[in-house]
Amino acid sequence: MTTLKLEGTDELIKALKKALLSHKPNEVRAALKRGADIIVQAARANVTIDDGGRLVNSIKLLPKWSKDPTGMYVGPRVIMRFTKKTSQKRKDANPFYAHFWEYGTDPHDTSYKGKFISEKAGTRGMHPGTHAHPYMRPAYDTQGQAALNAAMEDLQKLIESKA
């Protein structure tokens, strides 16, 4: 068995962060976008639910809400499920069930405060659960390296442009 020890990786990471932070956050996001778009397209291709395209169209590249100004999120854009302020158009475009489809659900009681919400014949308030239909994880597993390579190429061009 061969053991490999890399020295100086901490310094390299600090130098890369410094180089990236010398650019505007929008420039860094633009450099990362090509790689993220590869994941978005693969995830959209993996969706198997027929919901009029709501889930497929919701999978996007979004800014990540964090202290890192260059952070991004790739996945379904899910907003609140139902509110009085939510317009019908937004409800139609909101796949609040995205995580249920990705991970599945266990059998569960559908009653609310002891009252059945919808009692179907034979179910007596129990939902049988659903199987998982992953779309995000397989997209990352199959296209992750290609996305990383594309993003690294664009980041390298960005860093070299200022050097």
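Residues numbered from 1 in each chain as written. Predicted model: local features only at pLDDT ≥ 70, side-chain atom pairs only at ≥ 80, totals over all residues. Heavy atoms only, no water.

A. Quick peek at the overall build of the chain. Scanning the chain from terminus to terminus reveals six helices and six strands. Counting helices and strands in the order they occur from the N terminus, the chain gives α-α-α-β-β-α-α-β-β-β-β-α. Here the chain holds 163 residues, and 25% of them are scored as buried. If you take every contact in the chain between residues at least 6 apart in sequence, the share linking residues at least 24 apart comes to 59%. (Helix = DSSP H or I, 4+ residues; strand = E, 2+ residues; numbered from the N terminus. Buried < 20%, exposed > 50% of the residue type's maximum accessible area, 1.4 Å probe, protein only. Contact = heavy atoms within 4.5 Å.)

B. Structural view of the side chain of Glu-102. Here Glu-102 shows up in helix H5 (residues 98-103). One polar contact links the side chain of Glu-102 to the main-chain amide nitrogen of Tyr-135, over a distance of 2.7 Å. Here Met-136 takes part through its backbone nitrogen, which lies 2.9 Å from a polar atom of the side chain of Glu-102. When near neighbours in sequence (up to four residues on either side) are disregarded, Glu-102 contacts Ala-132, His-133, Pro-134, Tyr-135, Met-136 and Arg-137. (Polar contact = N/O pair within 3.5 Å; in protein donor to acceptor, adjacent residues only side chain to side chain.)

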